[in-house]
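Residues per chain are reported as follows:
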Amino acid sequence: MSVVITIDGPAASGKSSIARLVAKRLGYIFVGTGNMYRAFTWAVLHRGMDPDDAAAVIADLPSIVFECPILDGQTHVRLDGHDLAADQLNSDAVNAAVSLIARIPEVRARLVADQRALIRLGSLVMEGRDIGSVVFPDSPYKIYIDASEEVRATRRRAQGQTDNLAERDRMDKARQSSPLVIPDGATIIDNSAITLEEAVNQVLDALRSKKLPDLSAGTANDPNTTAAPPH
Ligand code: CDP
Ligand code: CDP
């Protein structure tokens, strides 16, 4: 039976790097949900719309053709049939607007449905802000990744990006719809002062103590499967 490991945490805490490596070790599909919100934000900006105008964004939602196919064991994001590149998803403009788009309940409802549908394809390591609290609240395998604000800002700067992490965290925690919280039952791992490898090992130890079934790498999933058809 497929399982979901949920990994949540604030911006630049190390979630996606850790989740990707945990998925690889276990042979699960890696799902980065932040890129889904980033793709919708890119679409809104590309259409010249104001990301703060929720009514206009909601009106345009049905015309956004979004898919998250799985290639090489991880989800990618595709808009109107085109893959979005990392520099588009992580542009300064998207960093500045994504929390405005992510607070719109209609955007969240659509993406949460897509995220839940991925379980049909196999066992998942899914990272984001609301995965353990809203998307898969019944998962017994919940992790919350944290790091100090200073460490997170330093790591993001080292990636060459302009990103107001404090403001994004403030908005993500304060919004009405699925705010960033530490999910009930989550193991908190602070990786401010440890390496990526040490953080991955701590996550795997926590999952073992939560009695994660011992599925050997690669048996659970076909690494090249296309998710639900576009809509
Ligand atoms: O990589 P980083 O932590 O900076 O951000 P991300 O995971 O790519 O997420 C970008 C933004 O998407 C977040 O600041 C949230 O506003 C939103 N998001 C969300 O609301 N819910 C999720 N499950 C994932 C991301
Ligand atoms: O996904 P999220 O925004 O939470 O963070 P990330 O993109 O995985 O990590 C931000 C940066 O911190 C990346 O360049 C990671 O390689 C680095 N990192 C690190 O140096 N040490 C760690 N223990 C975790 C992440």
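Residues numbered from 1 in each chain as written. Chains lettered and ligands numbered in written order. Predicted model: local features only at pLDDT ≥ 70, side-chain atom pairs only at ≥ 80, totals over all residues. Heavy atoms only, no water.

1. Side note on the overall build of the protein chain
1) Next: Helix and strand counts for the protein chain come out as 10 helices and 10 strands.
2) Next: Over its C-alpha atoms the protein chain spans a radius of gyration of 17 Å, differing by no more than 12% from the 17 Å that the globule rule assigns to 231 residues.
3) Next: In terms of overall dimensions, the protein chain has C-alpha extents of about 50 × 40 × 30 Å along its principal axes.
4) Next: Taken over 231 residues, the protein chain has a buried fraction of 50%.
5) Next: Considering only intrachain contacts with a sequence separation of at least 6, the fraction spanning at least 24 residues in the protein chain is 80%.
6) Next: For the protein chain, the exposed area adds up to about 10600 Å²; of that, 53% sits on carbon and sulfur atoms.
7) Next: Between the mean site of the 25 positive side-chain charges and the mean site of the 30 negative ones, the protein chain shows a separation of 3 Å. (Helix = DSSP H or I, 4+ residues; strand = E, 2+ residues; numbered from the N terminus. Rg over C-alpha atoms; globule rule 2.2 N^0.38 Å. Buried < 20%, exposed > 50% of the residue type's maximum accessible area, 1.4 Å probe, protein only. Contact = heavy atoms within 4.5 Å. Areas by Shrake-Rupley, 256 points an atom, 1.4 Å probe, with all protein chains shown as cover. Lys, Arg positive; Asp, Glu negative; His and termini not counted. Charge placed at Lys NZ, Arg CZ, Asp CG, Glu CD.)

2. What about the nonpolar core?
1) Next: Residues M36, F40, F66, V107, L118 and M126 are the most contacted members of the largest nonpolar core, which totals 35 residues.
2) Next: Elements with a contribution of two residues or more to this core: strand 2 (29-32), helix 2 (34-46), helix 5 (92-102), helix 6 (105-117), strand 8 (124-128) and helix 7 (131-135).
3) Next: If you tally residues by element for this core, the top one is helix 2, at 7 residues.
4) Next: Once you skip the residues sitting within four places of it in the chain, M126 turns out to touch V4, I5, T6, I7, V31, T33, Q115, L118, I131, V135 and F136.
5) Next: One finds I5, I145, L207 and L212 within the second-largest nonpolar core, a separate group that totals 22 residues. (Core = buried A, V, L, I, M, F, W, Y, C linked by side-chain atoms within 4.5 Å.)

3. Here we look at the layout of surface pockets
1) Next: In this structure, the largest pocket spans a volume of roughly 980 Å³.
2) Next: Along the walls of the largest pocket sit 43 residues, with S16, N35, R38, N90 and E127 positioned nearest its centre.
3) Next: For the lining of the largest pocket, a count of residues per class yields 14 nonpolar, 17 polar and 12 charged. (1 Å grid on protein atoms, 1.4 Å probe; cavity = no way out; pocket = protein on both sides within 12 Å on 5 of 7 lines; lining within 4 Å. Points joined across faces, edges and corners; volume = space filled by probe spheres on them. Nonpolar A, V, L, I, M, F, W, Y, C, P; charged D, E, K, R; others polar.)

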